[in-house]
Amino acid sequence: MTTWDVAGVAEELLRCEDERRDRAPFTDEWPELDLDTGYTIQDLTLEKRLARGETLVGVKLGLTSRAKQERMNVNVPLVAWLTDAMVLPAGERVPQEQLIHPRVEPEIVFVMGDRLEGPGVTAATAMAAVSIVLGGAEVIDSRYRDFRFTAGDVVADNASSGAYVTGPVGVPPSELDLSLEAVLVEVDGQVVDSATGAAVLGHPGEALALAANELARRGRVIEPGWVVLTGGMTDAVPIPPGSSVAMHFTNLGSVHVRGGEVQPCP
């Protein structure tokens, strides 16, 4: 049995990402990998990403909806990092050659106007720091086989980060009721799911506050200009090669994501 530690898991996760290779959860062999240890690993992998030339551009939340928590069997929201390498420009296909088993989910996205520093951040103070609200989609990808993991595993894996795309419509937060902002998820022309912003911890501002307070615990803050993905509003849907997924928001326009070319795993 392999003996794992923080540095070893961080290196292995980045190798899995680079090689498009999935694996069993580390907790199968290292059950002590808890949530706090997962965040330590996540921060170390961020350091390694920055060292290889990536730029930190924001944060993402995961498992902020009950649908996602139930599907993944993890009952706590998660915070993770976004870098410029994860940006999917509008109109470009999912980078299938870089991913293992991508899925896509609709997100309400914030662009920060002011610095947001916890602890003690509330949804109201969090929203006061937001400049613009966008519709978006996150392409999640897990380094764990069949998306099977514990909370510690998935936090270490940067909350299943893959790529993200934002929509064309930006609206000041004062002009929206985000708890009522709705989305329809359409796969290959057929509506398969729907939700409102209330699915994200009751209001996406609660997710932003949670992120600020969690980062404060780790000695970090949310900076002006950062992008914040507040978490999937619905369950994620597969995005295989040749498929088309659209997220139609009430006030935030539509976001279209197309599956990439067929790229078999090595």
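See above for the structure.
As the structure is a prediction and not an experimental result, all values here were calculated from the model.

Describing the sheet that holds strand β6 (residues 182–187)
- The antiparallel open sheet is built from 4 strands, whose spatial order is β7-β6-β10-β11. For this open sheet the edge positions go to β7 (190–196) and β11 (254–258), each flanked by a neighbour on one side alone. Pairwise comparison of adjacent strand axes, ignoring direction, gives a mean angle of 15° for this sheet.
- Two strands pair when backbone bridges link them, and β6 and strand β10 (residues 244–249) are joined in this way by 5 bridges, in the antiparallel orientation. Across the sheet, the residue bridging to Glu 186 is Ala 246, located in β10.

A closer look at unusual backbone geometry
- In the segment running from Gly 118 into Pro 119, the intervening peptide bond is cis, with an omega of 5°.
- Positive phi values are uncommon outside glycine, yet Asn 158 reaches one of about 55°.
- In this fold, Asn 158 is placed in the loop between α5 (151–156) and β5 (163–171).
- Asn 158 sits in the buried class, given a relative accessible area of 2%.
- Phi is positive for Ser 160, close to 60°, though the residue is something other than glycine.
- If you trace the backbone, Ser 160 turns up in the loop between α5 and β5.
- Among the residues examined, Ser 160 registers a relative accessible area of 5% and is labelled buried.

Concerning the pattern of salt bridges
- Overall, the coordinates contain 19 salt bridges when judged by the stated rule.
- Note that Glu 12 is salt-bridged to Arg 15, the shortest N-O span being 2.9 Å. Within this pair, Glu 12 and its partner Arg 15 are both found in helix α1 (residues 6–19), separated by 3 residues, close to a single helical turn.
- A salt bridge links Glu 54 to Arg 52, with the shortest nitrogen-to-oxygen separation between them at 2.9 Å.
- By relative accessible area, Glu 54 is classed as buried at 12%.
- Bridged by salt links that share partners, the residues Glu 12, Arg 15, Glu 19, Arg 21 and Arg 23 form one connected network.

Parameters at a glance
Residues numbered from 1 in each chain as written. Predicted model: local features only at pLDDT ≥ 70, side-chain atom pairs only at ≥ 80, totals over all residues. Heavy atoms only, no water. Pairing = 2+ DSSP bridges. Helix = DSSP H or I, 4+ residues; strand = E, 2+ residues; numbered from the N terminus. Axes fitted to C-alpha atoms, helices over the stretch in contact; angles between N-to-C directions. Buried < 20%, exposed > 50% of the residue type's maximum accessible area, 1.4 Å probe, protein only. Salt bridge = Lys/Arg side-chain N within 4 Å of Asp/Glu carboxyl O.

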